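An overview of the molecular structure
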Amino acid sequence: VATRGDRIIGMAGGSLEPPHPSSQYQWNPSLGILRLHIDNLVVLSEHWREGIGQRLVADLEAWGRELGATEAFTDTYYDSPVSRPFWEGRMGYRPRAVILRKRL
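All of the points below concern the structure found in this document. Just so you know, these numbers come straight off a predicted model, no measurement behind them.

Cut-off values and rules
Residues numbered from 1 in each chain as written. Predicted model: local features only at pLDDT ≥ 70, side-chain atom pairs only at ≥ 80, totals over all residues. Heavy atoms only, no water. Salt bridge = Lys/Arg side-chain N within 4 Å of Asp/Glu carboxyl O. Helix = DSSP H or I, 4+ residues; strand = E, 2+ residues; numbered from the N terminus. Buried < 20%, exposed > 50% of the residue type's maximum accessible area, 1.4 Å probe, protein only. Phe/Tyr/Trp six-rings, centres within 6.5 Å; stacked < 30°, edge-to-face > 60°. Lys NZ or Arg CZ within 6 Å of the ring centre and 35° of its normal. Patch = residues over 30% accessible without salt bridge, like charges linked within 9 Å, V, L, I, M, F, W, Y side chains within 5 Å. Areas by Shrake-Rupley, 256 points an atom, 1.4 Å probe, with all protein chains shown as cover. Pairing = 2+ DSSP bridges.

1. Some points on the pattern of salt bridges
- Taken as a whole and assessed by the stated rule, the structure comprises 4 salt bridges.
- For Glu50, the salt bridge goes to Arg4, with nearest N and O atoms at 3.0 Å. With Glu50 in the loop between β3 (35–43) and α1 (52–66) and Arg4 in strand β1 (residues 2–4), this pair connects stretches of sequence that are 46 residues apart.
- Among the residues examined, Glu50 registers a relative accessible area of 34% and is labelled partly exposed.
- For the salt bridge of Arg84 with Glu88, the shortest nitrogen-to-oxygen distance reads 2.8 Å. With Arg84 and Glu88 both in helix α2 (residues 83–90) and 4 residues apart, the pair spans about one turn of that helix.
- For Glu88, a relative accessible area of 25% puts it in the partly exposed group.

Here is the structure:
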């Protein structure tokens, strides 16, 4: 949690995902390692570009590393003009999959 005075201005949450029991049969090598999943990241828009999101993510990554995670992942909307530049440009995350959908 990030605060200014007594006001919460940002928060992030993550969880550790253990190696999948059938990882040796999966095509995705990431399933065989302990992974940090960044579940959410929120910073009030009036505090964007102050480094708050970067610090929250860095803290989550450090926590994951301390507990043995060797990879971190998250997801976001492909067309987001805010989150993709943050994750890919500032934080160094790279796309690994594409989720496709179709309205019926």
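Don't stop here, the text continues.
2. Remarks on the packing of aromatic side chains
- A full pass over the atoms with the stated rule returns 2 aromatic pairs.
- Measuring from centroid to centroid gives 5.2 Å for Phe86 and Trp87, while their planes differ by 80°, and the two rings are edge-to-face. One exposure class covers both Phe86 and Trp87, and it is buried.
- Measuring from centroid to centroid gives 5.1 Å for Trp87 and Tyr93, while their planes differ by 75°, and the two rings are edge-to-face.
- The class of Tyr93 is buried, set by a relative accessible area of 13%.
- A connected cluster of aromatic rings, assembled from ring pairs, spans Phe86, Trp87 and Tyr93.
- For Arg84, the ring lying beneath its charged end belongs to Tyr78, and the centroid distance is 4.2 Å.
- It is Arg96 that lies over the ring of Phe73; its NZ or CZ is 4.7 Å from the centre.

3. Thoughts on a nonpolar patch on the surface
- Taken together, the side chains of Val1, Ile8, Met11 and Val42 make up a nonpolar region of the molecular surface, amounting to roughly 370 Å² of accessible area.
- Along the chain, Val42 falls in strand β3.

4. Side note on the pairing of strand β2 (residues 7–17)
- Here β1 pairs with β2 via 3 bridges, running antiparallel. From the neighbouring strand, Ala2 faces β2, where its bridge partner is Gly10.
- The loop that links β1 with its antiparallel partner β2 comprises 2 residues; one of these, Gly5, has a positive phi angle of about 65°.
- In this structure, β2 lies alongside β3, joined through 8 bridges in antiparallel fashion. Residue Gly14 lies in a different strand from β3, and its bridge partner there is Ile38.

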